[in-house]
Amino acid sequence: QIEKNGIGRPKGYNVSWHSNPDIEKHHFGHAHPMKPWRLTLAKGLIMSYGMHAAMDTFVSRQATREELEDFHSDEYLDYLKTAKVAAPIDDIPVDFNLGGSDCPIFEGLFNYCSMYAGASIDAARKLCNNESDIAINWSGGLHHAKKAEASGFCYVNDIVLAILQLLRKHPRVLYIDIDVHHGDGVEEAFWSTDRVMTLSIHKYDGLNFFPGTGDLDRTGPDSEENPGAHHAVNVPLADGIDDEQYVWLFKTIVGMCVERFQPTAIVLQCGADSLAGDRLGRFNVQVQGHGSCVSYCKSLNIPLLLVGGGGYTPRNVARAWAHETSIAIGCDATLDPIIPMHTPYRQHFRYDTIFPTLEQILAGENRPNRNPDKKIREIIASVTEQLRFVNC
Ligand code: ZLM
Ligand code: CA
Ligand code: ZN
């Protein structure tokens, strides 16, 4: 059993966990890859380890209309609130990119959006008033949503709303995005400011992979007069990157960004679709490597907001976010990798461990690593050059 102020967790070190079971009940529709139910699986795992006892747990509330308007347009929110459920017609979205098969209009949509946004806003406020050192919202991280447009399973951009809260207290916020997709909505929202640096690591093929942006040379506005110049960092990768390369790249790039930008708060989007075996992802990152990114951010001792994001193989999403919760509270070293017998939905966790081997995860599927070390070193060189222009 893990107690508050238990082993590995210094006295006075606070982790807050923001969630609401209401969020998990929504359905995007038959066969849609985004399954809010994965949050139930993650929560079951977290609680069966007793980790909830080591955190301040909050049942999150809906964001208010006013809070949502901090980023989203009136017209879009009106439409989102009143949009009627309809079967997608030939994959064609209607207004505000809503109603296609990526962003369907489903029962309770507005409730779902305001709840996950409310959780991220609450989490950010806990960091602002120093009531938490790390705040967690696994239901958030919906990085594609735009001011007046839904995109890629995202309707309201809780990350932008949370960063706007942090900016009330914090002069500089570093946003880091390890979802396999480019964090385009957050990048766009803070494109013209030097108070937020955005860093996204993602698959990029300059062609088909969604959303199709995030090339290495997309570093901010072209004009040097614009304060946002050089403050967007993009790390495009090819299929099959492994733990060793990914973690090394992550630590190197994040280390350089922190040194140059000196953030006073960090938001880490922990999209679990960068894990091996994901239904939509293409990487070979394992739960251990994904977690090392969280450990590294924690070790910087800067107020940290952890949000979820993508993740389309629910059992692996639950493994990753449970492991990362244990890192946040500092009990990862003593956590039994064997999943407790009494875990709800335990039958979903084949191999009974939080750390299945790559062979077990891929189950015969083959995803060769298309990232030569030389390419990784070129990316680091390019970002190093970019960051020379960042001064704070
Ligand atoms: N078609 N059903 C990541 C967001 C990725 C755009 C191509 C839809 C799917 C996908 C939906 C059940 C985050 C695109 C795809 C088919 C236009 C994407 C419904 C399967 C299904 O079976 C499916 C009928 C659906 C959607 C696959 N969509 C895979 N990839 C991307 C969006 C979100 O992880 O970054 C953060 C949460 N969309 O590639 C199309 C161009 C729609
Ligand atoms: Ca990303
Ligand atoms: Zn994603």
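These notes cover the structure that comes with them. (Residues numbered from 1 in each chain as written. Chains lettered and ligands numbered in written order. Predicted model: local features only at pLDDT ≥ 70, side-chain atom pairs only at ≥ 80, totals over all residues. Heavy atoms only, no water.)

Here we look at the coordination of the zinc ion (ligand 3)
Protein-derived ligands of the zinc ion (ligand 3) are Asp-179 (OD), His-181 (ND1) and Asp-273 (OD), with the metal-ligand distances lying across 1.9 to 2.0 Å. Read in sequence order, the donor residues coordinating the zinc ion (ligand 3) give the pattern D-x1-H-x91-D. Here the residue Asp-179 occupies a position in the loop between strand 4 (173–177) and helix 7 (184–189), and Asp-273 occupies one in the loop between strand 7 (265–269) and helix 9 (287–299), the gap between them amounting to 94 residues. Of the two residues, Asp-179 and Asp-273, neither departs from the other in class, the shared state being buried. (Donors = N, O, S within 2.8 Å, 3.2 Å for Na, K, Ca; no water. Helix = DSSP H or I, 4+ residues; strand = E, 2+ residues; numbered from the N terminus. Buried < 20%, exposed > 50% of the residue type's maximum accessible area, 1.4 Å probe, protein only.)

Some remarks on the coordination of the calcium ion (ligand 2)
Coordination of the calcium ion (ligand 2) by the protein involves Asp-177 (O), Asp-177 (OD), Asp-179 (O), His-181 (O), Ser-200 (OG) and Ile-201 (O), with metal-donor separations of 2.5 to 3.0 Å. All donors of the calcium ion (ligand 2) come from a single chain, and their spacing in sequence reads D-x1-D-x1-H-x18-S-I. The pair formed by Ser-200 and Ile-201 is uniform in burial state, with each residue classed as buried.

Quick look at the sheet that holds strand 3 (residues 134–137)
Strand order in the open sheet made by the eight strands is 2-1-3-8-7-4-5-6, with parallel pairing throughout. Looking along the sheet, the strands with just one partner apiece sit at the ends: strand 2 (56–59) and strand 6 (232–237). Here the average twist between neighbouring strands, direction ignored, is 15 degrees. Here four bridges tie strand 3 to strand 8 (residues 304–307), and the two strands are oriented parallel to one another. (Pairing = 2+ DSSP bridges. Axes fitted to C-alpha atoms, helices over the stretch in contact; angles between N-to-C directions.)

Some thoughts on the site of ligand 1
The environment of ligand 1 is made up of 22 residues, and the closest members are Asp-102, His-143, His-144, Asp-273 and Tyr-312. His-181 places a polar side-chain atom, nitrogen or oxygen, 3.1 Å from an oxygen atom of ligand 1. Bound to the protein, ligand 1 loses 68% of the 820 Å² it would expose on its own. Taken together, the residues of the shell around ligand 1 sort by class into eight nonpolar, nine polar and five charged. (Near = heavy atom within 4 Å. Polar contact = N/O pair within 3.5 Å; in protein donor to acceptor, adjacent residues only side chain to side chain. Areas by Shrake-Rupley, 256 points an atom, 1.4 Å probe, with all protein chains shown as cover. Nonpolar A, V, L, I, M, F, W, Y, C, P; charged D, E, K, R; others polar.)

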